[in-house]
Each structure stands twice: as structure tokens, then as C-alpha cells.
Amino acid sequence: MVESTASDRNKLHELGYKIFLDRYAQKDMTRETLAVGDTVIVVVDSATGQREIGTVTALDLPTVTVELLDGEVVTRDVEHVDKPLETEPEQLMERVARGVAQAEATDELRELWAERFRWLLDGWKFVPGGRILAGAGTDQELTYYNCMPPEQEILTIDGYKPIAEVKVGDLVVTHRNRLRPVLHKFERETEEPLYIIKPKKVAFDELRVTGDHKVLIIRSEWVNAKHKSRDGLRLKEEPQWIPAKDLKPGDYVALVYQVDETRKIEPFLMGAMIPNPVHDTMPITTIAPDFVSWPQFIADEIIELAADFEYDNLKWVRIDEIRTENYTGAVLDIEVEEDHSLVSAGVVISNCYVIPSPHDSREGIMRTLGQMTEIMSRG
């Protein structure tokens, strides 16, 4: 039976341990080292993608038999079994500390800062975002948080404005068609390609983001598959947050909108809710009536039927073009309360995350685990 040997100060709740193994621990992607007795993450329900922790009890490739934490025994194809190479949080902390310290100029400084970073991570005094936990200290080429250039505009309660002008506390539109406040703002200097994404016949400026910035996507090959899904649409898989560098023309991006009974696309902020307990039932148009006079941001007649569809209260529009351009300069991002998303160039994209260290209480620990669970779906 799987049992963590982490020190008491680094032990995780069962849910947190599963998130750690599934999302952040390094894996043997070839499965060449898979053996009886290994701790693994296994898909137990192929319909939902549910995964559980278990121990390998038998190998008869291509099938693997696994005993789960609750004692249930399952047999699955090897492609549905992942072997973490890191099975304790301390291993992840050591990798992350040394990976982040690689930015230093000398071996002496790298060793010094690795030790300092390791102290900071120990006991969960500080918990970085998922991108750092999963990628720092590996051979992945990545930046440690998502970004966009200063002039890239995002949708706020006051309309579109450059991200450079957005301040902590400003209200921005999220993928749930509502307003949420900005919690943090980030800026750094970089020299890397920007990915420029242009959906089909959408009257907006292009979306320009760094390669690791995640976008809410439905792959073209997931549409009209044999699996039945919500809204009467056939999807092989549910929408996912995918890095811009991994997108391709033909994939579908999400646009936030609302539709009336005639199926005419209306200004998409109408009816959205502001994040204030006093106004929980008050639509944005009550607070900012100018929104009702906004022109339609996308019209039925300018989109071919094959190029768009509706799903999960979002409009999905096919990507027409993706290109890159070399960029040197400042890039910025924000963290948005609760929904952790924003809208830029009409497209739903993810934000950055900052996780506070857990408080010394069950409520604090569960709150942090809840945030980690949200991040698990974004990275």
C-alpha cells in the first residue's frame, strides 16, 4: 500500500498527494522502468478521466495490475498508467530550488540560492505556481509565468484597455461571463517568441502572448467524434487549457457571449454579475448602462457555419492563423480572483497564479488544496 515517507512538515492530505503525483511530479514517460511495487497514477474511469494512486502488483505487458489506496484492484493498459519519478514532496522541492537557481551566474551563487530557495519551499512556507512546480529543474523550455506585451488589451468593466494600464482591484471579464477583481500584477523582461493567434473573421486585434500562456481550446479533432457530450454537441474530449505554442490552425478558441431567443449574438457583458455580495443579483447593465449600447462584437452573418459553434455558454470560433514574432522587452500578466481567466482580443485565456502558504488550520490547508486543484487544470 502506498504511504508517503515525507517529513511531517511536508506531508500532504490524500487529495494534495494525488495532485502532487499526477500533476507536478516528474514521470517516466517511456515507462521503461515500470516494475512491480512502483507507486503509480492510474486511470480508473476512461469516460471521466478519473485517476487514482496505486501500487503495481503485476506486469503482463501491455497490461498492468494496480492495487488502489482503497484496496480495489484494477487492470489497465500500460498507456493509462503513469510512474512518477518523484514520490515525495522533498524531491520536487530539491529539483525546483536547483532549477530556479540556475539563473545565477556562478556555481557558488547557484549553490547559495538553491539552498535559500530550498529553505523557502520546505514546510510549504512558499508554494510557487504550477508551471514552476512542474517545469523548474527539467529540460523543458519554459518561462515561469504566462505573459503578454504591455500594449495587449484585456476586457475590463471600462472596456478594453492595455494590460499595462490595468491595476490591482480593477474588474475584468472572465470566461464565466462575469466581472472579477485583479489580485496581483506581474512584469518581467524577456527575449522570446510571441505567438500571434487570429480566430476566423473576428473583428478584433490579434491575440499576442508568450508560448506558455494557456488558452481555452477545443481541438478540431475532438469535434464530431463518436462521444456524445453536453449541449447536443459531439466531443471526444472536454475543452482544455492549452499553451499557445501547442495550438494549431483549425483548433477552436472560446469567446464569451450571450444569446437571446432568436440566437442573435448580443453584447456579451449583458446580464453578467459583479463580484459584490450586495449586488449578487444585479446585472452589469444596472451598474454600467453604457454596455447596452456596445455594438455586437461578432455577428452571425460574418462567420461560416463550419467555422463556429456554441458549447457550454461560450462561442467557439476556429483559429484561422498562428504565427510567431521575435520579441524583446517587458511582458505582463495578472491574477484574477476566483475564475483565474480573462479575455483578450475577444479570446478566453488563463491568468497567472499566486498561492499563499497554508495557514496552520484545517480551513487554511483545504483552501490551499482547493487552489492547487484549480491550478491542476491549468498548469
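So, how was this worked out
Residues numbered from 1 in each chain as written. Predicted model: local features only at pLDDT ≥ 70, side-chain atom pairs only at ≥ 80, totals over all residues. Heavy atoms only, no water. Helix = DSSP H or I, 4+ residues; strand = E, 2+ residues; numbered from the N terminus. Expected span 1.5 Å × (residues − 1). Buried < 20%, exposed > 50% of the residue type's maximum accessible area, 1.4 Å probe, protein only. Arc of directions from axis to C-beta. Contact = heavy atoms within 4.5 Å. Axes fitted to C-alpha atoms, helices over the stretch in contact; angles between N-to-C directions. Parallel < 35°, antiparallel > 145°, perpendicular 65-115°, else oblique. Left-handed = near helix turned anticlockwise from the far one by under 90°. Nonpolar A, V, L, I, M, F, W, Y, C, P; charged D, E, K, R; others polar. Phe/Tyr/Trp six-rings, centres within 6.5 Å; stacked < 30°, edge-to-face > 60°.

Novice: What is the right way to look at helix α3 (residues 107-121) in this model?
Specialist: For α3, which comprises 15 residues, the first-to-last C-alpha distance of 21 Å matches the rise-based estimate of 21 Å (1.5 Å per residue) to within 8%. Listed as buried for α3 are Arg110, Ala114, Arg118 and Leu121. The arc that holds every buried residue of α3, seen down its axis, measures 65°, which confines them to one face. Turned more than 90 degrees off the buried face of α3, the exposed positions are Glu108, Glu115 and Trp119. Those residues of α3 that are buried are in contact with α2 (89-101). Phi for Gly123, located one or two positions after α3, is positive at around 75°.

Novice: Looking at this structure, I do not really get the packing of α2 against α3. What am I missing?
Specialist: Across the interface, α2 lies against α3 with an axial gap of 8 Å and an inter-helix angle of 140°. The pairing of α2 with α3 is recorded here as oblique in orientation. By crossing handedness, the relation of α2 to α3 is classed as right-handed. Residues Glu90, Met93, Glu94, Val96, Ala97, Arg98, Val100 and Ala101 of α2 touch α3, and the partners they reach there are Arg110, Glu111, Trp113, Ala114, Phe117, Arg118 and Leu121. Here the contact of α2 with α3 is built from residues that sort into 9 nonpolar, no polar and 6 charged.

Novice: Looking at this structure, how should I read the packing of aromatic side chains?
Specialist: Remark: the centre distance and the inter-plane angle together describe each pair of aromatic rings, the angle taken between the planes. Taken as a whole and judged by the stated rule, the model has 3 aromatic pairs. Judged by centre distance (6.0 Å) and plane angle (35°), the rings of Tyr17 and Phe20 are tilted. Placement of both Tyr17 and Phe20 in helix α1 (residues 14-24) is noted, with a separation of 3 residues, approximately one turn of the helix. Under the relative-accessibility criterion, Tyr17 is labelled buried at 8%. For Phe20, a relative accessible area of 3% corresponds to the buried category.

That's the geometry; what it means functionally is another story.
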